[in-house]
Amino acid sequence: MQSLVLVGSGGCMQELLWQIMEYNKRNSADRAWNVLGYVDTEPAPKGINAGGGVCLYLGNDEFLLNAASTVNVAICVGSAQLREKLVTKYKQNLNIKYPNLILSDVKMCDNVQLGEGCIISMDCVLSTEVCLGNFVFLNMGVTLCHQGKVGDFTTLSPYAKMAGNVTIGRRCDIGMGTMVIQGKTIGDDVVTGAGSVVVTDIVSNCTAVGVPAKKIMNNK
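Predicted model, so just to flag it, every value in this text is computed and none were measured.

Calculation notes
- Residues numbered from 1 in each chain as written.
- Predicted model: local features only at pLDDT ≥ 70, side-chain atom pairs only at ≥ 80, totals over all residues.
- Heavy atoms only, no water.
- Salt bridge = Lys/Arg side-chain N within 4 Å of Asp/Glu carboxyl O.
- Helix = DSSP H or I, 4+ residues; strand = E, 2+ residues; numbered from the N terminus.
- Buried < 20%, exposed > 50% of the residue type's maximum accessible area, 1.4 Å probe, protein only.
- Contact = heavy atoms within 4.5 Å.
- Polar contact = N/O pair within 3.5 Å; in protein donor to acceptor, adjacent residues only side chain to side chain.

Trainee: Would you mind showing me how to read the pattern of salt bridges here?
Mentor: Applying the stated criterion across every chain, the model contains eight salt bridges. Among the ionic pairs, Asp61 bridges to Lys89, the shortest N-O distance being 2.8 Å. Residue Asp61 is located in helix α2 (residues 61-65), and its partner Lys89 is located in helix α3 (residues 80-90); the two are separated by 28 residues in the primary sequence. With relative accessibility at 14%, the residue Asp61 sits in the buried group. Between Glu84 and Arg170 there is a salt bridge whose closest N-O contact spans 3.1 Å. Placement of Glu84 in helix α3 and of Arg170 in the loop between β18 (167-168) and β19 (173-174) is noted, with a sequence separation of 86 residues between them. Overlapping salt bridges, with partners in common, bring together Glu84, Asp152, Arg170, Arg171 and Asp189 in one network.

Set out below in structure tokens:
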């Protein structure tokens, strides 16, 4: 087993803890993850238990910043901005490593390219020549069709569906069930509302909602 420390204690982390446990049930010991516990600013108000025993609180960020030997870390927070902030802080310690977590029932073509620290949740589909940047978080049931590109720190919420040749920028928050038709581009720092259907390119730094998705506000 490879040891792993989770960062965060909210719903995102708890759901990923459960997915890791399900993954371990289906894989041999050499491929499984041994979750040592979690790091957060303070312990969760109640013990974290995803159905297979309590996940221990290890301490705040100093636990990782002071790590004197190699430690594998998964940053389990949904916010793209917070994920980037945490990575920037943790990069001070070169002993921290960020494996890609590819969880149960993921279907992924052999030529998919991944950065570091990506989390690919159960039931995701990544087709041919998909490229993910660093610390991308794909929630459950996301589909990325051929030649799709996703920038660093972007989050795709459950059951978002991207057709072929879609490009999504950095630090985006793609809402649950969002659909993007083929060949469209979404800029950096974009939020889409749940159930949005993107049929035209979306400029950076905005929120877009609706069917079809339209810009409703600037984000910066």
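Trainee: For this particular structure, what's the right way to read the environment of Thr207?
Mentor: Along the chain, Thr207 falls in strand β24 (residues 206-209). Separated by ten residues in the primary sequence, Thr207 and Met217 have C-alpha atoms spaced 5.5 Å apart. Beyond its immediate chain neighbours, meaning those up to four positions away, Thr207 contacts Val191, Lys214, Lys215, Ile216, Met217 and Asn219. Polar side-chain contacts of Thr207 include one of 2.7 Å to the side chain of Asn219.

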